[in-house]
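Residues per chain are reported as follows:
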Amino acid sequence: MTDWRRLFRVTGVNSVVGILPLLAGVLTALILIAILLNTEGFTMRDVWDALYDGAWETDGKKLRVLINWMPLMLCSTGLLLTFTAGLWNIGIEGQLTMGALGAAAVALFVRHDSKTVQLGAEIGLACIAGAGWGLLAGILKTRGGVNEIFGGVALNFISALFSAFLISGPWAPERGGTGSRTEAFDEFTLLPSRIIDRSHLSNTAVALTVGGFIVVALILYFSRFGLQLKAIGKSENSARALGIPTERNLWLAMLLCGGLAGLGGAIKVLHPPIGQLQQNSSGGIGFLALLVVLLASIRPWLVPIIAFVFAFLATGGQRVESSLQIDAALVNVLQGVLVLAVLLFDGIRQRIQAEQEKRAVAAQAARRAAEEELKVKSS
Amino acid sequence: MNEALIKTLAEIVGTAAPLLIAAQGELITERAGVVNLSLDGSIVLAAMAAFAVAYETESTELGILVAMLVGMLIAILIISANVTLKVNQIALGFVLTLLCADLSTYLGRDYTGLPGGNVEIPYAPIPLLKDIPVIGEIFFRQNLMVYFSFVLVAAVWFWIYRTGPGLSLRALGERPSAAYVRGTRVQFWRFVYVAIGGSLVGLAGAAYSLDVLLGWREGLTVGQGWIALAIVIFGTWKPLRILLGAYLIVGLRSFALYLQRQDTINLPVHILNMIPWLLMLLTLMFVASGVANYLVVALPKRWQTPARRFLRSDPPAALGTAFEKE
Amino acid sequence: MQLELRHISKTFGPLKANNDINHTFQEGRIYAILGENGAGKSTLMKIISGYQQPDTGGELLINGTPTVIHSPSDALNNGIGMLYQDPLDFPPMTVLENYLTSHPRTGFLPDRSEARREFLSIAQRFGFHLDPDMLIEGLTIGERQQLEIVRLLSLKIGFLILDEPTTGISEAQRQTLFSTLKQLAAEDKLTIALVTHKLADVEELCDEVMVLRHGRVSGTCTMPQPPDTLVRMMFGHTEEAVREKATRTMNWVQLSRGLLPDSDNLPALPLGQPILQVKELTLQTRLLTIENITLDVREGEVIGLAGLDGSGQGDFMRQCAGLNRVSWRDHVMSGIAFAGLIILFDYLMGYSSTVFTTTLLLLLGLTLGPVFISLLSYLRDRTEHVYFDGIPTRWMSYRDLRERGLAYLSAGRLEEGLVTGMTLTQHFALAKLSKIPWVNWFAALRRTNEGIKQYDVRGQAFSPIQTLSGGNQQRVALALLADNLRLAFLENPTRGLDVNSARNIWHLLLSRREKGTAIVFSSPDLDEIVAYSDRVMVFSSGRCTLVGDPAKINRHDLGLLIGGLRHD
């Protein structure tokens, strides 16, 4: 009964066939980048060495990849929910920023004796702020007829401006403020971490990230809510007619996504060594997460892997820039080309599949016609 | 009239030009039923290309031309992948947004911070018209790009509402299947309009790097594309309202700076910059929440229909969908 | 214009949709093209109108000249025009603009006043009252058809195909249409082909009949003919199995004309408790206001809603089913979300400017728009208009009502009802309203298989829903309804189904009825309403009339009511 798997598929695509475009896309992107590098006089080998050198050589460097992975992973996890529900939550950048602001607000101005309570409050407010920002986009969509892309963009701008306002105004350091960052948070307010090979690692953060992903994966694969989200994503009107509370589910999806992004923002600012709120704290992680989920074609199990590769590239990219004098943007170009190629190849796959389905339907109709003909003749 | 104010207004008209051109380009694209979400990336990449080419060849015209070509190519990529492979226009546009921005950073690294004085689009006050008090000072002491933005708005309006091909353009975005039956070559015309729209977006990029923000640095115009997209929605897909929207959003931004310079009110500039966004959300929300409708009913009978038509904010019905003959 | 089809075939893979069709349409005659669903009518139409090319070997001859038609506009250039069932026009544009699109003299700068004069003169000739400055959105289907006819005539066509033109238009508009067509055939020597499955239309209008079956021409004849000849041509000849099928169809046709007594087919059921009470409801649709709707539906009763498309039947059902309403639970929830967000922003904004906070508050306030409006309308009119099962429904959404045994099935099965891309089992799992946060797939699968068996669905538990045929999809939709169903609102339940599938669906529906389920349904097909309703509500230009007397439930009387010629 392999058919059982059909029930749990998030995208409704056979996983073996579905992964082919990804492989083809990787290949295309690599070839393109190799050509690009060749014109500069480098080989792929040079870049790989630099990447390895920058992001994998020692345990400390591996940990740095992990630290970059966590916020990206949390955002991607959240986006799995909204993409399943058919929403383009482009506002994830803003949700991440609001999360960072929430965490920073507590870290800067509230002090509790217990570290657990302190951290709980920071992370809690981060989640609430992110979730609120997500919910706002959701409400604007269902109640205000404001397309979630437009609403998200507007909320991104608003949150970025708000963060800039806070950093340059009320939250600016008392002395030596440059307008680009707040004071460093007190050590006490940061996530507890161990130092391995001169890099920090917070177990709490890792646990939260992995836990969040597992919960969302369980929701998507097994829960009623997940099934309802799938139905809404495929056809909102039909879902409503089947008695699914669509508005509530959409809000919930946006809320959860925002909350996870907020958590990502909190980890971003609270994880040592950063430990302060910086201008532009989202740093494009939200957009990158959108790419991750697009690349995974909303297949949950692929998300951690792709997010990890992206985090690896981001970490190693700096070394590429410093040792080879190639702009780190090249790494981003690689990612962009990769996603573009995968989208195109996936289009080709769907085209072939649609062709096959059409033929199958025609065959079925022919069989039915033949049967009837036979019945008429025999009687 | 206060000289500083006139100067500010002239500045608004000048700096709004690229935004206006990009928004009109997107308007044409969306009226044909296609979403080009890549605006933010297209503008940056076109701006970079325009500056690089103009700097190397010392020819402003060539720079502009290349920028238009870049914008057009990106738009063509979106429409052809959508037509042939049915790839989602939004996904494609979004990926291209990021990719083009990164490409511009990568390819433009050698041109960062170079002086652009000799490739600037020249200042060209129009004789006679420039001497009209106030109006002349605001509108007719600008450069060619700004005049083009005025002409463009008028041309787009005229094309959409007054000409035969414009009628087909509206038909394309509204119901391509019906347009097809009436003999419009849907895919071909969509292609043409999307390409035109894309080249206008590219032109907007050139207007930034060769005029408004003269020069090139990483992420020169980041955010402008999103603003242009927002203006199209806020302008409810109508050329004149888009004009208003563009001047409003740039105006509020410049006004913030003006206020700061005047030192009369002390509002943080970031908060002032938020106002256009909040205003847009508020307006859209007000129209859609049903409250507006409720108020319309309270109006005298003969005001109701025009009020409803004024409040209409529906996008073209076939926006973002791929056309199939069957 | 004379059009000749020679050896027209069209194969899709193994399916022969059209198989060697030969036929000549003579100038000035009105033809009917009859056939079951899947008989090849639509393929033939698509070939004539240029959507598809016939297989090699097939030819179209226009006035004796072989012609290849590449596209619909090519067909128009050759004088072949098509009127689609859902008129292909542009709703947000005006009548005149619609007329101008594709007009040969539109050119770069259209001459609007000349076009207006021309348009009005053609419209006047056939007695069409069309205002050139109206938006299409505000027109009825019948008026949109008239506009299309005017537009096609201005293109000097010689051959006009009409696809099910009488669906959704009023009796008066039908009469206008038919007299127009007769006039066109007689005076303008237009060749007209009517694609339909309504025998009444054929009898009234057509000179010649061409019947398709399994992609072949199964017969041609000249009208008038007795209906059973046509039915037999549609469904097959003398074989036993087919005769049975044909008889059943005949029964429906005759029953709908009042030739068969009702009692034979519809056993009178003792009616139970009132299940739906509508008291003096005022209904605001997009185009009109219908006042004073009153209706009591009892258990086991079938109420047919008759009227033109867009006269308010659909809105009435959606209103009663609560589809446009927000549940009180959601009102409460949005209130809580509103308060929560305010508290949050208050905390975050504690230091910041009032501009931001005020706007956000306003923004959030607007999200409560529906609540304010509900409250305001409650304050204005506090009487309760719709009771379901004795409970007032003002603050209940469709979901709340569904939990209490109400269901609504829209006419668009895959647009609003079933989810394309999901399997039958997933549908059964979704349709079960349960509070448990996970899905019991074993139980869902069991229910699916039961449903498939009980409703005779041709499809497997794991087939995606869109791979099923229309009739099977409708059966699944019915199987998805809860067991304790008390009241079902069905919008055109047999849309797009052939006579046999339609009968099958009604069989299933009526078996529900025996368990006490009440049915309220709308249909553009008057025959269907006459055949199955205990009582009929007629919606006509802002009025609503209840017909309870079985003697008055017939095509003629209802037609008069729909046409607005009588109001009693």
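Small disclaimer: the values here were computed from a predicted structure and weren't measured.

Examining the overall build of chain C
Reasoning step 1: Counting its secondary structure elements, chain C contains 21 helices and 20 strands.
Reasoning step 2: When the 568 residues of chain C are sorted by exposure, 57% land in the buried category.
Reasoning step 3: In chain C, the proportion of contacts linking residues at least 24 apart, taken out of those at least 6 apart, comes to 66%.
Reasoning step 4: Of the roughly 23,300 Å² that chain C leaves accessible, carbon and sulfur atoms contribute 52%.

Examining the overall build of chain B
Reasoning step 1: Assigned secondary structure in chain B consists of 14 helices and zero strands.
Reasoning step 2: Ordered by position from the N terminus, the helices and strands of chain B form the series α-α-α-α-α-α-α-α-α-α-α-α-α-α.
Reasoning step 3: Across its three principal axes, chain B shows a C-alpha extent of roughly 55 × 50 × 40 Å.
Reasoning step 4: Looking at the 326 residues of chain B, the share that counts as buried comes to 57%.
Reasoning step 5: Of the roughly 13,100 Å² of accessible surface on chain B, 66% is carried by carbon and sulfur atoms.
Reasoning step 6: Side-chain charges in chain B split into 23 positive and 20 negative, and the spacing between the mean points of these groups amounts to 17 Å.

So, helix H10 (residues 224–234) of chain B
Residues and elements named next belong to chain B.
Reasoning step 1: Among the eleven residues in H10, ten count as buried, and that is most of the element.
Reasoning step 2: Three or more residues of H10 are buried, namely Gln224, Gly225, Trp226, Ile227, Ala228, Leu229, Ala230, Ile231, Val232 and Phe234.
Reasoning step 3: Phi turns positive one or two residues past the end of H10, at Thr236, with a value near 45 degrees.

Examining empty space enclosed by the protein
All names here are of chain C.
Reasoning step 1: On inspection of all chains with the given rule, the structure shows nine cavities of 30 Å³ or more.
Reasoning step 2: Estimates place the volume of the largest cavity at around 250 Å³.
Reasoning step 3: Contributing elements (two or more residues each) for the lining of the largest cavity: helix H6 (171–187), helix H7 (199–205), strand E13 (302–307), helix H20 (526–532) and helix H21 (555–562).
Reasoning step 4: Residue composition of the lining of the largest cavity, grouped by class: eight nonpolar, six polar and eight charged.
Reasoning step 5: Two domains each donate at least three residues to the lining of the largest cavity, and these are domain 1 (3–224) and domain 2 (264–325 + 384–562).

Let's talk about the confidence of the model for chain B
Reasoning step 1: A residue-level look at chain B finds 97% of positions with pLDDT of 70 or above and a mean pLDDT of 87.
Reasoning step 2: Per-element confidence in chain B is highest for helix H2 (residues 39–57) of chain B, whose mean pLDDT is 94, and lowest for helix H13 (residues 291–298) of chain B, whose mean pLDDT is 74.

Some remarks on the side chain of B:Thr60
Reasoning step 1: Turning to its location among the elements, B:Thr60 is positioned in helix H3 (residues 60–85).
Reasoning step 2: Setting aside its immediate chain neighbours within four residues, B:Thr60 contacts B:Ala54, B:Val119, B:Glu120, B:Ile121 and B:Leu210.

Let's talk about the packing of helix H4 (residues 59–84) of chain A against helix H8 (residues 203–222) of chain A
All names here are of chain A.
Reasoning step 1: One can describe the packing of H4 onto H8 by two numbers: an axis separation of 10 Å at closest approach and a directional angle of 20 degrees. In terms of orientation, H4 and H8 fall into the roughly parallel class. Classified by chirality, the crossing of H8 by H4 is left-handed. Facing H4, whose interface residues are Leu66, Trp69, Met70, Met73, Leu74, Thr77, Leu80, Leu81 and Thr84, H8 presents Ala205, Val206, Leu208, Thr209, Gly212, Phe213, Val216, Ile219 and Leu220.
Reasoning step 2: Here the contact of H4 with H8 is built from residues that sort into 14 nonpolar, four polar and no charged.

A short note on the interface of chain A and chain B
Reasoning step 1: In this complex, chain A contributes 41 residues to the contact, which on the side of chain B involves 38 residues.
Reasoning step 2: Of the roughly 3,600 Å² buried at the junction of chain A and chain B (both faces included), carbon and sulfur atoms supply 84%.
Reasoning step 3: Looking only at chain A, the three residues that lose the most surface to chain B are A:Phe150, A:Phe157 and A:Leu161, adding up to 17% of its buried area.
Reasoning step 4: The tally of links from chain A across to chain B stands at zero salt bridges.
Reasoning step 5: Counting across the chain A and chain B interface gives one residue pair in polar contact (both at pLDDT 80 or more).
Reasoning step 6: Taken together, the residues of the side of chain A that touches chain B sort by class into 30 nonpolar, seven polar and four charged.

Focus on the packing of aromatic side chains
Reasoning step 1: If you walk through the whole model with that rule in mind, you get 31 aromatic pairs over all chains.
Reasoning step 2: With 4.4 Å between their ring centres and 15 degrees between their planes, A:Phe157 and B:Trp277 make a pair best called stacked. Of this pair, A:Phe157 sits in helix H7 (residues 148–168) while B:Trp277 sits in helix H12 (residues 269–288), placing the two residues on different chains.
Reasoning step 3: Ring centres of C:Trp506 and C:Tyr532 lie 4.3 Å apart, and the angle between their planes is 10 degrees; on these two criteria the pair is classed as stacked. Here C:Trp506 is found in helix H19 (residues 499–514), whereas its partner C:Tyr532 is found in helix H20, with 26 residues between them in sequence.
Reasoning step 4: For C:Tyr532, a relative accessible area of 7% puts it in the buried group.

Regarding the nonpolar core
Reasoning step 1: Among the nonpolar cores identified, the biggest contains 356 residues, and A:Leu270, A:Phe310, B:Phe94, C:Phe25, C:Ile80 and C:Leu558 are the most heavily contacted of them.
Reasoning step 2: Other than its neighbours up to four places away in sequence, C:Phe25 contacts C:Met1, C:Gln2, C:Leu3, C:Leu5, C:Tyr31, C:Ile33, C:Ile48, C:Phe159, C:Thr191, C:Ala193 and C:Met210.
Reasoning step 3: Counting residues in each nonpolar core, the second largest holds 29 residues, with C:Leu281, C:Met317, C:Leu323 and C:Leu401 among its members.

Some points on the domain arrangement of chain B
All names here are of chain B.
Reasoning step 1: Here chain B is described as being made up of domain 1 (3–266) and domain 2 (272–312).
Reasoning step 2: At the interface, 14 residues of domain 1 touch twelve residues of domain 2.
Reasoning step 3: Summed over both partners, the interface of domain 1 with domain 2 comes to about 1,000 Å²; 79% of that surface belongs to carbon and sulfur atoms.
Reasoning step 4: Counting every contact that joins domain 1 to domain 2 gives zero salt bridges.
Reasoning step 5: Mapped onto the side of domain 1 that touches domain 2, the elements with two or more residues apiece are H10 and helix H11 (239–262).
Reasoning step 6: Residue composition of the side of domain 1 that touches domain 2, by class: ten nonpolar, one polar and three charged.

So, the sheet that holds strand E1 (residues 3–12) of chain C
Residue and element names in this part refer to chain C.
Reasoning step 1: Within the open sheet, the four strands sit side by side as E2-E1-E4-E5. Their pairing is antiparallel. Pairing within the sheet leaves two strands with one partner each, and these edge strands are strand E2 (15–25) and strand E5 (65–67). Taking the axes of each pair of neighbouring strands and ignoring which way they run, one obtains an average angle of 25 degrees across the sheet.
Reasoning step 2: In this sheet, E2 lies alongside E1 in antiparallel orientation, the contact comprising seven bridges. Paired with Phe12 across the strands is Leu15, a residue of E2.

With respect to the sheet that holds strand E18 (residues 518–522) of chain C
All names here are of chain C.
Reasoning step 1: Ordered in space as E16-E17-E18-E13-E19-E20, the six strands form an open sheet in which the pairing is mixed. Each edge of the sheet is formed by a strand with only one pairing partner; in this case those strands are strand E16 (406–409) and strand E20 (543–547). With strand direction ignored, the average angle separating the axes of adjacent strands in the sheet is 15 degrees.

Some points on the environment of C:Gly158
Residue and element names in this part refer to chain C.
Reasoning step 1: Looking at the element boundaries, Gly158 is found in the loop between helix H5 (141–154) and strand E7 (159–163).
Reasoning step 2: Between the alpha carbons of Gly158 and Gln2 there is a distance of 8.3 Å; along the sequence they are 156 residues apart.
Reasoning step 3: Look past the residues within four positions of Gly158 in its chain and what remains in contact with it is Met1, Gly79, Lys189, Leu190 and Thr191.

Some thoughts on unusual backbone geometry
Residue and element names in this part refer to chain C.
Reasoning step 1: Positive phi outside glycine occurs at His7, with the angle close to 50 degrees.
Reasoning step 2: Residue His7 is classed as partly exposed on the basis of its relative accessible area of 43%.
Reasoning step 3: For Lys189, which is not glycine, the phi dihedral falls at a positive 55 degrees.
Reasoning step 4: Tracing the sequence through the fold places Lys189 in the loop between H6 and strand E8 (191–195).

Comments concerning a nonpolar patch on the surface
Reasoning step 1: Together, A:Val210, A:Ile214, A:Leu218 and A:Phe222 line one region of the surface with nonpolar side chains, adding up to about 350 Å² of accessible area.
Reasoning step 2: Within the fold, A:Val210 resides in helix H8.

What counts and how
Residues numbered from 1 in each chain as written. Chains lettered and ligands numbered in written order. Predicted model: local features only at pLDDT ≥ 70, side-chain atom pairs only at ≥ 80, totals over all residues. Heavy atoms only, no water. Helix = DSSP H or I, 4+ residues; strand = E, 2+ residues; numbered from the N terminus. Buried < 20%, exposed > 50% of the residue type's maximum accessible area, 1.4 Å probe, protein only. Contact = heavy atoms within 4.5 Å. Areas by Shrake-Rupley, 256 points an atom, 1.4 Å probe, with all protein chains shown as cover. Lys, Arg positive; Asp, Glu negative; His and termini not counted. Charge placed at Lys NZ, Arg CZ, Asp CG, Glu CD. 1 Å grid on protein atoms, 1.4 Å probe; cavity = no way out; pocket = protein on both sides within 12 Å on 5 of 7 lines; lining within 4 Å. Points joined across faces, edges and corners; volume = space filled by probe spheres on them. Nonpolar A, V, L, I, M, F, W, Y, C, P; charged D, E, K, R; others polar. Domains from an automatic or database assignment. pLDDT = per-residue confidence, 0-100. Axes fitted to C-alpha atoms, helices over the stretch in contact; angles between N-to-C directions. Parallel < 35°, antiparallel > 145°, perpendicular 65-115°, else oblique. Left-handed = near helix turned anticlockwise from the far one by under 90°. Buried area = accessible area lost by both parts, 1.4 Å probe. Salt bridge = Lys/Arg side-chain N within 4 Å of Asp/Glu carboxyl O. Polar contact = N/O pair within 3.5 Å; in protein donor to acceptor, adjacent residues only side chain to side chain. Phe/Tyr/Trp six-rings, centres within 6.5 Å; stacked < 30°, edge-to-face > 60°. Core = buried A, V, L, I, M, F, W, Y, C linked by side-chain atoms within 4.5 Å. Pairing = 2+ DSSP bridges. Patch = residues over 30% accessible without salt bridge, like charges linked within 9 Å, V, L, I, M, F, W, Y side chains within 5 Å.

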